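Reading the structure
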Amino acid sequence: MDAASVDFLREVLESTGLVERTRELGLALRTTRSPGGLLVVGTPDDEPWHLTAHLTDEARMSGLQQLVPTLVRWSPPPDAPAHLRVGLTRIEEARRGETLFVVAEAKAPEPLLERLDDARRTGTTILALDGGDPELTGLAHDSLVLPPDGLLSFDGAQHLVSSAAGELPGRHGLRDRLARLLDLVSGPRVAD
């Protein structure tokens, strides 16, 4: 989904409160203190690759290095590149200042819920985008619950949240995003 599509989706949903909730969750992702400290995990059958890629793009375009995500996988192949072989033990190592973002349209499995509970006790911030799992929502410091028959698709919500995470204050529209990209590409302005 491109920036224009995200803006259109925001316009359509503006009166529902969903836009504000996705912005709140996106801003919560920014509280992570360091690059790689934003851990993104899904379920064994649905790893959030797409969202992780969008957060990587948002980190690059916004200059917010704390948004550089670490994809946590259930069964990473040992011969995968380093950034694709981060397993569930990374959750056990999570500490204060890090954020664990759970993206689970289906019910979160018990082993994940146990790890989340342990991570929460160490001071890790738990955020969730889920399809209505009360146990997951109960463990999260903040969550956005999307019922399957709601106005916003799970995929659409991921786009809105990742886009909101990279927004700079006061910059919300397509024109502002293009200006930010142009600033990034052209480099800093030099006074004459």
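Just above, that's the structure.
Residues numbered from 1 in each chain as written. Predicted model: local features only at pLDDT ≥ 70, side-chain atom pairs only at ≥ 80, totals over all residues. Heavy atoms only, no water.

So, the overall build of the protein
On a plain count of helices and strands, the protein comes out with eight helices and five strands. From first element to last, N terminus to C terminus, the protein shows the α and β order α-α-β-α-β-α-β-α-β-α-β-α-α. Buried positions account for 48% of the 192 residues belonging to the protein. Long-range pairs, those at least 24 residues apart, make up 67% of the contacts in the protein with a sequence separation of at least 6. For the protein, the exposed area adds up to about 9700 Å²; of that, 55% sits on carbon and sulfur atoms. (Helix = DSSP H or I, 4+ residues; strand = E, 2+ residues; numbered from the N terminus. Buried < 20%, exposed > 50% of the residue type's maximum accessible area, 1.4 Å probe, protein only. Contact = heavy atoms within 4.5 Å. Areas by Shrake-Rupley, 256 points an atom, 1.4 Å probe, with all protein chains shown as cover.)

Re the pairing of strand β3 (residues 99-104)
For β3, a buried count of six out of six residues is recorded, marking the element as mostly surrounded by other parts of the structure. With burial as the criterion, each face of β3 is covered, one bearing Thr99, Phe101 and Val103 and the other bearing Leu100, Val102 and Ala104. As paired strands, β3 and strand β4 (residues 125-130) are joined by six bridges and run parallel to one another. Directly across from Val103, in β4, lies its bridge partner Leu129. (Pairing = 2+ DSSP bridges.)

Some points on the sheet that holds strand β2 (residues 69-72)
Overall, parallel pairing links the five strands, which are arranged β2-β1-β3-β4-β5 in an open sheet. Taken across any chain shown, the strands that pair with only one partner, and hence form the sheet edges, are β2 and β5 (142-145). For this sheet, the mean angle separating the axes of adjacent strands, direction not counted, is 15°. Where β4 meets β5, four bridges bridge the pair, whose relative direction is parallel. Counterpart to Asp130 in the pairing with β5 is Val145. Together, β1 (38-41), β3 and β4 form the strand contacts of helix α5 (residues 110-121), whose direction differs from that of β3 by roughly 155°. (Axes fitted to C-alpha atoms, helices over the stretch in contact; angles between N-to-C directions.)

A word on the environment of Gly156
By secondary structure assignment, the location of Gly156 is in helix α7 (residues 154-166). By relative accessible area, which is 3% here, Gly156 ends up buried. Distance from Gly156 to Arg10, taken between C-alpha atoms, is 10.0 Å for residues 146 residues apart in sequence.

Points about the packing of helix α3 (residues 49-62) against α7
The geometry of a pair of packed helices is captured by two quantities: the angle between their axes and the separation between those axes. The geometry of α3 relative to α7 is characterised by a closest axis approach of 8 Å and an angle of 20° between their N-to-C directions. Relative to α7, the element α3 lies roughly parallel. For the pair α3 and α7, the crossing hand works out as right-handed. Contact residues: His50, Leu51, His54, Leu55, Glu58 and Ser62 in α3; Asp155, Gln158, His159, Ser162, Ser163, Ala165 and Gly166 in α7. Looking at the contact of α3 with α7 residue by residue, the class counts come to three nonpolar, eight polar and two charged. (Parallel < 35°, antiparallel > 145°, perpendicular 65-115°, else oblique. Left-handed = near helix turned anticlockwise from the far one by under 90°. Nonpolar A, V, L, I, M, F, W, Y, C, P; charged D, E, K, R; others polar.)

What about α3?
In an α-helix, one turn spans 3.6 residues; hence positions three or four apart end up facing the same way. Helix length check: α3, at 14 residues, gives a terminal C-alpha distance of 20 Å against a target of 20 Å (1.5 Å per residue), a fit within 8%. Burial in α3 covers these residues: Leu51, Thr52, His54, Leu55, Glu58, Ala59, Met61 and Ser62. (Expected span 1.5 Å × (residues − 1).)

Topic: the pattern of salt bridges
Under the criterion given, the structure shown has ten salt bridges. Notably, a salt bridge pairs Glu47 with Arg73, separated by 3.1 Å at the nearest N-O pair. A residue pair is termed long-range when its members are at least 10 positions apart, and Glu47 in the loop between β1 and α3 and Arg73 in the loop between β2 and α4 (89-92) qualify at 26 residues. The shortest N-O distance in the salt bridge between Arg121 and Asp117 comes to 2.7 Å. Here the residue Arg121 and the residue Asp117 both occupy positions in helix α5, the gap between them amounting to four residues, near one helical turn. (Salt bridge = Lys/Arg side-chain N within 4 Å of Asp/Glu carboxyl O.)

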